[in-house]
Amino acid sequence: VGRFGLTKKTSGLFGKIGCAYIYSVHINTYCFNIVSHQKDKAGGVLIRALEPQKGIDLILRNLKKSKRNFDITKLLNGPGKLCKALNINTKLNGYDVVSGKKIYVAYTPSIKKEEIISTPRINIPYAGIAKRWHYRFTIKGSKFLSK
């Protein structure tokens, strides 16, 4: 948001905390963010990858992959692929993901705080020094990361 400020496309990042901010990066390719910012500012967390717990058949169907030969660690390991696999598109933009029904974040108490690590950001060559900031959070040892 800092590069372009408030625009029609970025207005969701200035909105209600805990809502989905989904934008198109290419035709039929989307990125899913959760709005999170300080008062009177803008911001969001890009969901780059997930570890699937349920719905593998649906994910495979959405990705047009065979049920026989697939690597579960690579089903949701990129922001565009994740959106395609979970049928996330701009129709869900603005939905509350904390208490929502169409798209939501589930709490997982089994993950301990010390298991969460931060690493440098990836795939943002334009970001100058900011690409080295440790704003990429993951579970230590996870095999379900985006590349």
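Calculation rules
- The numbers attached to residues start from 1 for each chain and follow its sequence in the written order.
- Per-residue local features of the predicted model are confined to residues with pLDDT of at least 70, and side-chain atom pairs are confined, for both listing and counting, to 80 or more; whole-chain, interface and lining totals are unaffected and use all residues.
- Side-chain numbers here rest on the full set of heavy atoms in the structure, without hydrogens or water.
- A side-chain nitrogen of Lys or Arg and a carboxyl oxygen of Asp or Glu constitute a salt bridge if their distance falls within 4 Å.
- Counting from the N terminus, the helices are DSSP H or I runs at least four residues long and the strands are E runs at least two residues long.
- Three exposure classes are used, based on accessible area relative to the maximum for each residue type with a 1.4 Å probe and protein chains only: buried under 20%, partly exposed in between, and exposed over 50%.
- When DSSP finds two or more bridges between a pair of strands, those strands are recorded as paired.
- Interaxial angle, 0 to 180 degrees, is taken between N-to-C directions of lines fitted to C-alpha atoms, where a helix line uses only the stretch in contact.
- Throughout, a residue-residue contact means that at least one pair of heavy atoms, one from each residue, lies within 4.5 Å.
- Polar contact is the term for a pair of N or O atoms within 3.5 Å; when the atoms are in protein, one must be able to donate a hydrogen and the other to accept it, and sequence-neighboring residues count only if both atoms are side-chain atoms.
- Only Phe, Tyr and Trp rings are paired, with Trp represented by its six-membered ring, and only when their centres lie within 6.5 Å; those with planes under 30 degrees apart are stacked, over 60 edge-to-face, the remainder tilted.
- Residue types Ala, Val, Leu, Ile, Met, Phe, Trp, Tyr and Cys, when buried and joined through side-chain atoms within 4.5 Å, form a set referred to as a nonpolar core.

**Student:** How do you make sense of the pattern of salt bridges when you look at a structure like this?
**Tutor:** Here the structure, examined in full by the defined rule, presents three salt bridges. The partner of K16 in a salt bridge is D96, and the shortest N-O contact between them spans 3.1 Å. Taken together, the positions of K16 in the segment before β1 (20-26) and D96 in the loop between α2 (79-85) and β4 (116-119) put the pair 80 residues apart, joining distant regions of the chain. D71 is the salt-bridge partner of K74, the closest N and O atoms lying 3.6 Å from each other. Looking at K74, the relative accessible area reads 40%, which means it is partly exposed.

**Student:** In this structure, what is going on with the sheet that holds strand β2 (residues 29-35)? I would like to understand it.
**Tutor:** Two pairing modes exist for strands in a sheet, parallel and antiparallel, and in both the strands are linked by backbone hydrogen bonds. If you trace the three strands from one edge of the open sheet to the other, you get β1-β2-β3, paired in antiparallel fashion. Both outer strands of the open sheet, β1 and β3 (44-46), are each paired with one neighbouring strand and no more. For this sheet the average axis-to-axis angle between neighbouring strands, irrespective of direction, equals 35 degrees. Bridging between β2 and β3 involves three bridges; their strand directions are antiparallel. Its bridge partner being in β3, I34 is matched across the sheet by V45.

**Student:** Looking at this model, I keep getting lost on the environment of S24. Mind explaining?
**Tutor:** One can find S24 in strand β1. With sequence-adjacent residues up to four places away left out, S24 is seen in contact with K9, T29, Y30 and T90. Side-chain polar atoms of S24 contact the backbone oxygen of H26, separated by 2.8 Å.

**Student:** Got a minute to help me understand the packing of aromatic side chains in this structure?
**Tutor:** Overall, the coordinates contain two aromatic pairs when judged by the stated rule. With centroids separated by 5.4 Å and ring planes inclined at 35 degrees, the aromatic side chains of Y21 and Y23 adopt a geometry described as tilted. What makes Y23 partly exposed here is its relative accessible area of 21%.

**Student:** I keep staring at the side chain of N77 and nothing clicks. Help me out?
**Tutor:** Assignment of secondary structure puts N77 in the loop between α1 (56-63) and α2. Among the residues examined, N77 registers a relative accessible area of 10% and is labelled buried. Engagement of the side chain of N77 in a polar contact is seen with the side chain of K81, the distance being 2.6 Å. In this view, N77 contacts R48, A49, F144, L145, S146 and K147; residues no more than four positions away in its chain are not counted.

**Student:** Would you explain the nonpolar core in this entry?
**Tutor:** With twelve residues, the main nonpolar core is built from A20, I22, Y30, F32, I34, I47, L82, C83, I88, L92, V97 and I103. Element by element, the count of residues in this core is highest for β2, at three residues. Apart from residues no more than four positions distant in its own chain, A20 is found in contact with F32, N33, L92, N93, G94, Y95 and V97. Counting residues in hydrophobic clusters, the runner-up holds seven residues, among them L60, L75, L76 and A85.

Worth remembering: the numbers are spatial, not functional.
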